[in-house]
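# What the coordinates show
Chain by chain, the residues run as shown.
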Amino acid sequence: MTATALIAFGSNLENPVEQVRRAIAAVAALPVIRSLQASSLYLSAPVGYADQPDFVNAVALVEADCGARKLLHLLQDIETRFGRVRSFRNAPRTLDLDLIDFAGSTSDDAELTLPHPRAHQRSFVMLPLAEIAPDYPIGSHGRARDLVQALGSTGIEKLGAAAAKSAAENR
């Protein structure tokens, strides 16, 4: 069984540009991943806890030969390898990998909520998604392009190659 999944990447510690780039490569290298299409990198202001550095974000659409929980556990293993520490909600982090959607399925339990309950409210997820899959639906909330239009892009900017290099050097 191959399923399309949407993964969000974020980092604001220890060279976030490199963390996100390496994380995308780590996900692509998972044996269960058949293909991966990643967005550009974006710089965004933190949400929730504001007293921390800006984040570097991206999203990727993958074709996975596993179930949602297996993919979630593999993503959590990657976070651990990258030094993720879960100190408090919205804390600074070396890497955050969120499973946003898995084949349009729904789940609402302590371990896995699908689609991600707040993704449709986050420009730093919707803007990169609209770049690579503008018609991708997020549950009953609508398509990525429509959600971006409603959310706007305040506080988020696409990083070109030069900007990504500069952001990496200034961390």
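As recorded in an unreviewed UniProt entry, the protein chain goes by the name 2-amino-4-hydroxy-6-hydroxymethyldihydropteridine pyrophosphokinase, listed as coming from Kingella pumchi. Turning to the protein chain, the UniProt record has this under Pathway (unreviewed entry): "Cofactor biosynthesis; tetrahydrofolate biosynthesis; 2-amino-4-hydroxy-6-hydroxymethyl-7,8-dihydropteridine diphosphate from 7,8-dihydroneopterin triphosphate: step 4/4." Listed under Function (unreviewed entry) in UniProt, the entry text for the protein chain is "Catalyzes the transfer of pyrophosphate from adenosine triphosphate (ATP) to 6-hydroxymethyl-7,8-dihydropterin, an enzymatic step in folate biosynthesis pathway."

### So, the UniProt feature "domain: 7,8-dihydro-6-hydroxymethylpterin-pyrophosphokinase" (unreviewed entry) in the protein chain
The feature "domain: 7,8-dihydro-6-hydroxymethylpterin-pyrophosphokinase" (unreviewed entry), as given by UniProt, occupies residues 89-100 in the numbering adopted here. With 0% helix and 42% strand, residues 89-100 has its two end C-alpha atoms placed 17 Å apart.

### As for the pattern of salt bridges
One pass over the structure, following the stated rule, counts ten salt bridges. Across the salt bridge formed by Arg69 and Asp109, the nearest N and O atoms sit 2.4 Å from each other. On the criterion of sequence distance, the pair formed by Arg69 in helix H2 (residues 68-81) and Asp109 in the loop between strand E6 (107-108) and strand E7 (113-114) is long-range, its members being 40 residues apart. Residue Arg69 is classed as partly exposed on the basis of its relative accessible area, which comes to 33%. A relative accessible area of 31% places Asp109 in the partly exposed class. Two residues, Arg84 and Asp96, come together in a salt bridge whose shortest N-O distance is 3.0 Å. On the criterion of sequence distance, the pair formed by Arg84 in the loop between H2 and strand E5 (96-102) and Asp96 in strand E5 is long-range, its members being twelve residues apart. Here Arg84 matches Asp96 in class, with each residue buried.

### A look at the packing of helix H3 (residues 123-132) against helix H4 (residues 144-151)
Orientation of H3 relative to H4, taken along the N-to-C sense of each, is 135°, at an axis distance of 8 Å. In terms of their interaxial angle, H3 and H4 are classed as oblique. Our pair here, H3 against H4, has a crossing hand that is left-handed. Judged by residue contacts, Ser123, Met126, Leu127, Leu129 and Ala130 of H3 engage Ala144, Arg145, Leu147, Val148 and Leu151 from H4. Each residue belonging to the contact of H3 with H4 can be placed in one class, and the counts come to eight nonpolar, one polar and one charged.

### Some thoughts on the pairing of strand E1 (residues 3-11)
Burial runs high along E1: eight of the nine residues are buried. Here nine bridges tie E1 to strand E4 (residues 55-64), and the two strands are oriented antiparallel to one another. Residue Ala3 lies in a different strand from E4, and its bridge partner there is Ala64. For E1 and E5, the ladder comprises six bridges, and the chain directions are antiparallel. Its bridge partner lying in E5, Ala8 is registered against Asp98.

### Examining the environment of Phe88
Looking at the element boundaries, Phe88 is found in the loop between H2 and E5. Between the C-alpha atom of Phe88 and that of Val27, which follows or precedes it by 61 residues, the distance is 25 Å.

### Notes on H3
Most of H3 sits inside the fold, with eight of its ten residues counted as buried. Buried within H3 are the following residues: Ser123, Phe124, Val125, Met126, Pro128, Leu129, Ala130 and Ile132.

Rules used in this analysis
- Position numbers for residues count from 1 along each chain, tracking the sequence in the order it is written.
- A pLDDT threshold of at least 70 governs which residues receive local features in this predicted model, and a stricter bar of 80 or more applies before side-chain atom pairs are shown or counted, although totals over entire chains, interfaces and linings include all residues.
- Side-chain figures throughout are based on the complete set of non-hydrogen atoms in the structure, without hydrogens or water.
- UniProt positions are given in the numbering used here, feature names are shortened, and annotations may be inferred rather than shown by experiment.
- For the purposes of this entry, the term helix denotes a DSSP run of H or I that reaches at least four residues, the term strand denotes a run of E that reaches at least two, and both are numbered from the N terminus.
- By salt bridge we mean one thing: a side-chain nitrogen of Lys or Arg within 4 Å of a carboxyl oxygen of Asp or Glu.
- Buried means the residue's accessible area, taken with a 1.4 Å probe over protein chains only, is under 20% of the maximum for its type, while exposed means over 50%, and partly exposed covers the values in between.
- For every element, the axis is a line fit to its C-alpha atoms; helices are fit only across the contacting stretch, and the angle between N-to-C directions ranges from 0 to 180 degrees.
- Note on angle classes: values under 35 degrees are labelled roughly parallel, values over 145 roughly antiparallel, values of 65 to 115 roughly perpendicular, and the remainder oblique.
- In a left-handed crossing the near helix is turned counterclockwise from the far helix by less than a right angle, and in a right-handed crossing that turn is clockwise.
- The contact rule is simple, with two residues in contact once any of their heavy atoms fall within 4.5 Å.
- Charged residues are taken to be Asp, Glu, Lys and Arg, nonpolar residues to be Ala, Val, Leu, Ile, Met, Phe, Trp, Tyr, Cys and Pro, and polar residues to be all remaining types, Gly included.
- For two strands to pair, DSSP has to find at least two bridges joining them.

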